[in-house]
Amino acid sequence: MEQLSLTGPAASEAQRRARSLQIWRRRTQIGFFALFLLAPSLNLLRFDLYETQLWVLGMRWSLGIDGLLTGEISATQAGLNLLWRALLPAVLIVGGFLALAYRYGRIYCGWLCPHFSLVESLNSLLHRACGKLSLWDRTPVHRAGVTPQRRWWPLFALSCLLAGFAWAITLLTYLLPPQLIWGGLFSGTLTANQLRFLLVGTALFSAEFAFARHLFCRFGCAVGLFQSLAWMANPRGLVVSFERERARDCRTCQSEQRSAPAHAALAAPDAPLGNACDSVCPMRLQPRNIKRRMFSCVQCGQCLDACDSTHTAQGRSPTLQWRIGADALRETLRQRRAHSPEQP
C-alpha cells in the first residue's frame, strides 16, 4: 500500500482538526459537568426524600396513580398513567441511550461523563508528579514537554480530596433539598446523618479517585459496561482502525529531540519515546489492539490525535483512523480472519 505523505499546509490542517476535536470534547465535558453539579439546585433532576417527590426539568413528576387510592380514577386510567409516565419514558431513554452506544460505543463516557472528566484531569496531575497516569503503572509514561516534579503531589492529593467532597455533597443534594444541605453546611447545622454521609462519602470517593479511577471505569461502572456490550454487538460500530501493514512506521513514533535534562540518561537524543497512542490513552489501553481488547474504549480520540501529530511531523499519514459503517465492518472481518485458528 502506497504511503501518503503530509507536509506543509496539509500537515497543519490535520493538526488543527485534531486540536479542534479535543477542544469541542472538552467543552462538552465542562458543560455536562456543570449540569451535573447544578441540576439538583435547579430542580432539573432530583428525588426529594422528604417529600418523596421526583423533580424533572423544574416540574413535579408523579406516576398519576394517587387518584386510584381515593377513587378519583379507575384502575384502567391508573394503568395508562403508569404506562405513559413511567414505562414509556424509561424505554425511550434507555433504548435511545443503548442505540447511541450501539453505533458509537462509550461516547457518553468520553464526551460527557463527569467522572471521566475528573479521571483525565487527575491523570494529568499525577503524571506531572511521578510520570505515571496511574499509581499501578509499572513504568513511567513519557510525554513530550513534561518532566515529573514532586511539587505536584500535594496538588494531586488535594484535587482527589476536593473531587471526593464534590461528589459526596452533590449526590446528597440529589436526594435532599439542596438549599437545606448547602445552608446547613455553611451554617454548621447539618444533622448527624447528613454529616456522616458527607464524611464517609468524601473518604470513599477520594480513595476511588486516587487509587482506582481507571479500574472503576473499566470494571465497576454499569453505565459503561452496558454501552460496551451494545457496541461489541455491532460490527459496524465506530472503531479505531490500525493499518497493520504500516506497523513498521510505529518504530519511530514520538521520536523527537529531548531538551529536558531528566531524559538525558534514559536514551540518546531523537530516540523513540514509545508509542504515542499508548501514552495518551486515559483508560490505559493499547489502541492498536483488536476491538475485543478495546472493550472499554471511550472514543475520546486522543490516540488518533497523538498518532496524527507524530506521523504528520515525520511527513506521513496516521496509522490510526476512526471507521464506521461498512468500513468498520471490513475492519472487524479483517480482525476475525487475522486472529482465527488456521485451518488444516
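Per an unreviewed UniProt entry, the protein goes by the name 4Fe-4S binding protein and belongs to Hydrogenophaga aromaticivorans.

On to the overall build of the protein, then. The number of helices and strands found in the protein is 13 helices and five strands. Once local pairs closer than 6 in sequence are excluded, the contacts in the protein between residues at least 24 apart make up 67%. On the protein, roughly 19400 Å² of surface is accessible, and the fraction owed to carbon and sulfur atoms is 65%.

Attention now moves to the pattern of salt bridges. Scanning the entire structure with this criterion turns up 10 salt bridges. Between R246 and D249 there is a salt bridge, with its nearest N and O atoms 3.0 Å apart. One exposure class covers both R246 and D249, and it is buried. Shared partners join several salt bridges into a network, and the residues in it are E243, R246, D249 and R316.

What follows is about the sheet that holds strand β3 (residues 59-61). Within the open sheet, the three strands sit side by side as β1-β2-β3. Their pairing is antiparallel. One side of each edge strand has no neighbouring strand; the edge strands of this open sheet are β1 (45-48) and β3. Between one strand axis and the next, the sheet turns through 30° on average, direction left out of account. Inspection of the sheet shows strand β2 (residues 53-56) paired to β3 by three bridges, in the antiparallel sense.

For the rest of this paragraph, the subject is the packing of helix α3 (residues 75-104) against helix α10 (residues 222-232). Where α3 meets α10, the axes come as close as 7 Å, and the angle between the chain directions of the two elements is 55°. Taken together, the axes of α3 and α10 are oblique relative to one another. The element α3 and its partner α10 pack so that their crossing is right-handed. From α3, F97, L98, A101, Y102 and Y104 reach across to α10, where they touch V223, F226, Q227, A230 and W231. Taken together, the residues of the contact of α3 with α10 sort by class into nine nonpolar, one polar and no charged.

What counts and what doesn't
- Residues numbered from 1 in each chain as written.
- Predicted model: local features only at pLDDT ≥ 70, side-chain atom pairs only at ≥ 80, totals over all residues.
- Heavy atoms only, no water.
- Helix = DSSP H or I, 4+ residues; strand = E, 2+ residues; numbered from the N terminus.
- Contact = heavy atoms within 4.5 Å.
- Areas by Shrake-Rupley, 256 points an atom, 1.4 Å probe, with all protein chains shown as cover.
- Salt bridge = Lys/Arg side-chain N within 4 Å of Asp/Glu carboxyl O.
- Buried < 20%, exposed > 50% of the residue type's maximum accessible area, 1.4 Å probe, protein only.
- Pairing = 2+ DSSP bridges.
- Axes fitted to C-alpha atoms, helices over the stretch in contact; angles between N-to-C directions.
- Parallel < 35°, antiparallel > 145°, perpendicular 65-115°, else oblique.
- Left-handed = near helix turned anticlockwise from the far one by under 90°.
- Nonpolar A, V, L, I, M, F, W, Y, C, P; charged D, E, K, R; others polar.

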